[in-house]
Amino acid sequence: MARVIVVTSGKGGVGKTTTSANIATTLALRGYKVAVIDFDVGLRNLDLIMGVERRVVYDFVHVIQGEATLKQALIRDKRVETLYILPASQTRDKDALHEVGVEKVINELKADGFDFIICDSPAGIETGALMALRFADDAFVVTNPEVSSVRDSDRILGILQAKSKKAEMGERINEYLILTRYNPERVEAGEMLGYKDIIELLSVRFLGVIPEGEEVLSSSNAGVPVVLNDAESKPAQAYQDIIARYLGEDKPQRFLVAEKKGLFVRIFS
């Protein structure tokens, strides 16, 4: 049975699209058939991060409006054969997305045998964001360790619990927390919120942190998710750990504590 995952947050610029690309790729590397959909109509960044921008002919809105079939619009990743991308439109308005059309696309993906459907949500609570979470089974709430980001994520949790299809049926979406750009040294210095404080504030199951690192930005600029471009880097390992925990594996948390410097480093730093 396919699972629909919305990757969401209240605040922009926290790493939702990067997270969507990497969790989709990680699931596909495990052998699952995965589709990742860009709901950010008018901007469209997922295709850039996935490195398929030059292969876009039809998009999500074309499918919803009957101007193309889903098979025409889906782009198969050249590196991972079970991974597919459905790009957003850059030329349409966000209101081009509507519930009937979105539900039809998701149901068609389920019928085509996809194991996971990743909905990359735009920031805020506009139409695109509401449509991205509407049919979700699970929500990955992405936040940075700063007060404004956490506050906005708390608002999104309220919307998930009120405006999703599951909420209307008296059920709950499974909610998970991912902290991006986490730096334990800055937490110790009081420059960032610590993960324990954020978990306490949001009361959501904690999947893990993505440590700060240049590898994520350089991989995104190259159009390759970091789990493929630099698989041994800390951010890539963190995404792999997060998916392992989501799938129910017993994976100890990492990257939460500042590394202790040796005596030599402390003396000469």
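Residues numbered from 1 in each chain as written. Predicted model: local features only at pLDDT ≥ 70, side-chain atom pairs only at ≥ 80, totals over all residues. Heavy atoms only, no water.

Q: Kindly report on the layout of surface pockets, identifying the contributing residues and their values.
A: Here the idea is plain: a probe the size of a water molecule rolls over the atoms and shows the empty space left. Reported here for the largest pocket is a volume of approximately 530 Å³. Lining the largest pocket are 28 residues, and of these Gly13, Gly15, Lys16, Thr18 and Arg181 sit closest to its centre. Breaking the lining of the largest pocket down by element, the ones donating at least two residues are helix 1 (16-29), strand 7 (174-182), strand 8 (205-211) and helix 11 (214-221). Grouping the constituent residues of the lining of the largest pocket by class yields ten nonpolar, twelve polar and six charged. (1 Å grid on protein atoms, 1.4 Å probe; cavity = no way out; pocket = protein on both sides within 12 Å on 5 of 7 lines; lining within 4 Å. Points joined across faces, edges and corners; volume = space filled by probe spheres on them. Helix = DSSP H or I, 4+ residues; strand = E, 2+ residues; numbered from the N terminus. Nonpolar A, V, L, I, M, F, W, Y, C, P; charged D, E, K, R; others polar.)

Q: Before we move on, could you go through the nonpolar core and cite the residues and values that matter?
A: Generally speaking, a soluble globular protein has its nonpolar side chains buried in company with each other. Among the nonpolar cores identified, the biggest contains 83 residues, and Phe39, Phe60, Leu109, Ile118, Phe140 and Leu160 are the most heavily contacted of them. Sorting elements by how many residues they give to this core places helix 13 (residues 234-246) first, with six residues. For Phe140, the residues in contact, after removing those within four places along its chain, are Ile5, Val6, Val7, Thr8, Ile23, Tyr176, Ile178, Leu207, Ile243 and Tyr246. (Core = buried A, V, L, I, M, F, W, Y, C linked by side-chain atoms within 4.5 Å. Buried < 20%, exposed > 50% of the residue type's maximum accessible area, 1.4 Å probe, protein only. Contact = heavy atoms within 4.5 Å.)

Q: Requested: an account of the packing of helix 7 (residues 147-163) against helix 10 (residues 195-202), with residues and values cited.
A: Any two packed helices are characterised by the angle at which their axes cross and by the distance between the axes. Packing of helix 7 against helix 10 brings their axes to within 10 Å, and their N-to-C directions diverge by 30°. In terms of axis orientation, helix 7 runs roughly parallel to helix 10. Our pair here, helix 7 against helix 10, has a crossing hand that is right-handed. Only Ile198, Leu201 and Leu202 of helix 10 make contact with helix 7, whose side of the interface consists of Val150, Ser153, Asp154 and Leu157. When grouped by side-chain class, the residues that make up the contact of helix 7 with helix 10 number five nonpolar, one polar and one charged. (Axes fitted to C-alpha atoms, helices over the stretch in contact; angles between N-to-C directions. Parallel < 35°, antiparallel > 145°, perpendicular 65-115°, else oblique. Left-handed = near helix turned anticlockwise from the far one by under 90°.)

Q: How would you summarise the sheet that holds strand 4 (residues 83-86) if you had to cite specific residues and measurements?
A: Strand order in the open sheet made by the eight strands is 3-4-2-5-1-6-7-8, with mixed pairing throughout. A strand with exactly one partner marks an edge of an open sheet, and here the two such strands are strand 3 (75-76) and strand 8. Taken together, the two bridges between strand 3 and strand 4 define a ladder with antiparallel strand orientation. Counted as the bridge partner of Arg76 is Tyr84 from strand 4. Packed onto the sheet, helix 1 meets strand 1 (3-8), strand 2 (34-38), strand 4, strand 5 (116-120), strand 6 (138-143) and strand 7 and runs at close to 170° relative to strand 5. (Pairing = 2+ DSSP bridges.)

Q: Please provide a residue-by-residue account of the pairing of strand 1, values included.
A: Most of strand 1 is tucked away, with five of its six residues classed as buried. Here strand 1 pairs with strand 6 via four bridges, running parallel. Following the sheet pairing, Ile5 is matched in strand 6 by Asp138.

Q: Can you lay out helix 6 (residues 127-134) for me, pointing to particular residues and giving the numbers?
A: Burial runs high along helix 6: six of the eight residues are buried. Within the span of helix 6, buried status applies to Gly128, Ala129, Met131, Ala132, Leu133 and Arg134. Residues of helix 6 that are buried sit in contact with strand 1, helix 5 (99-111), strand 5, helix 7 and helix 8 (165-168).

Q: I'd like a description of empty space enclosed by the protein, backed by residues and values.
A: Applying the stated criterion across every chain yields a total of one cavity of 30 Å³ or more. Its volume calculated, the largest cavity comes out at about 30 Å³. Forming the boundary of the largest cavity are Gly208, Val209, Ala238, Asp241, Arg245, Gln253, Arg254 and Phe255. Looking at the lining of the largest cavity, the elements with two or more residues in it are strand 8 and helix 13.

Q: So what about the pattern of salt bridges? Which residues, and what values?
A: According to the stated counting rule, one finds 17 salt bridges in the structure shown. Glu99 is the salt-bridge partner of Lys165, the closest N and O atoms lying 3.7 Å from each other. Of this pair, Lys165 sits in helix 8 while Glu99 sits in helix 5, placing them 66 residues apart in sequence. According to the relative accessible area criterion, Lys165 is partly exposed, its value standing at 28%. Across the salt bridge formed by Asp137 and Lys166, the nearest N and O atoms sit 3.7 Å from each other. One end of the pair, Asp137, is in the loop between helix 6 and strand 6; the other, Lys166, is in helix 8, and 29 residues separate them in sequence. Summarising the burial analysis for this pair, Asp137 and Lys166 share the class buried. Counted as one network, the salt bridges with shared partners bring together Glu99, Arg134, Lys165 and Glu168. (Salt bridge = Lys/Arg side-chain N within 4 Å of Asp/Glu carboxyl O.)

Function cannot be inferred from these measures alone, as they are strictly geometric.
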